[in-house]
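So the chains spell out like this:
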Amino acid sequence: MAKAHRKSTSPGQVGTKPALLSGGNPQIAKAYGDAPVQAYIAAMPGWKSDLGRRLDALIERTVPGMHKAVKWNSPFYGIESQGWFLSLHCFTKYVKVAFFRGALLHPVPPGASKTRDTRYLDIHEDDEFDEAQFADWVKQASQLPGERL
């Protein structure tokens, strides 16, 4: 198991960064709300943290008032009465976005899954990122019945 990384702090500040699990995924305790998601994003290593902030802002702009949580060391986004519509996860060389009803989106996101409905978007450091397409997928996904996880 990875050890927590320490950063220098001034008196009164919390001095421990979350541990990074295999692939650099931050270990964040299960919790609901924006604060644990922001803690996850801040702990994403390197370029992934900037991408996490960008994705989070796009999701918030596209679906105002949606709910957030960290479950299984991944941020989840959803609609309270409908369930979760997407999640993020860090891997060594990319960030994976899971659309839980992605097979119903148009166009369908490119990454296949072992589950029938889920589709993935893997974003690597040097990929061109189509914000308009991503926002369209987020909007479509938020209007579908979500996962009850």
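Cut-offs and rules
- Residues numbered from 1 in each chain as written.
- Predicted model: local features only at pLDDT ≥ 70, side-chain atom pairs only at ≥ 80, totals over all residues.
- Heavy atoms only, no water.
- Buried < 20%, exposed > 50% of the residue type's maximum accessible area, 1.4 Å probe, protein only.
- Helix = DSSP H or I, 4+ residues; strand = E, 2+ residues; numbered from the N terminus.
- Pairing = 2+ DSSP bridges.
- Polar contact = N/O pair within 3.5 Å; in protein donor to acceptor, adjacent residues only side chain to side chain.
- Contact = heavy atoms within 4.5 Å.

Q: Whenever I open this one, the pairing of strand 2 (residues 67-71) confuses me. Can you help?
A: Taken residue by residue, a regular strand's side chains alternate between the two faces of the sheet. Burial within strand 2 is extensive, with four of its five residues counted as buried. As paired strands, strand 2 and strand 3 (residues 74-79) are joined by five bridges and run antiparallel to one another. Across the sheet, residue lysine 68 finds its bridge partner in strand 3, namely tyrosine 77. Linking strand 2 to strand 3, which pair antiparallel, is a turn of two residues; within it tryptophan 72 sits at a positive phi near 50°.

Q: Looking at this structure, I do not really get the side chain of lysine 96. What am I missing?
A: Residue placement: lysine 96 occurs in strand 5 (residues 94-99). Among the polar contacts made by the side chain of lysine 96, one reaches the side chain of aspartate 122 at a distance of 2.8 Å. Beyond its immediate stretch of four places on either side in the chain, lysine 96 contacts Ser87, Leu88, His89, Phe91, Tyr120, Leu121 and Asp122.

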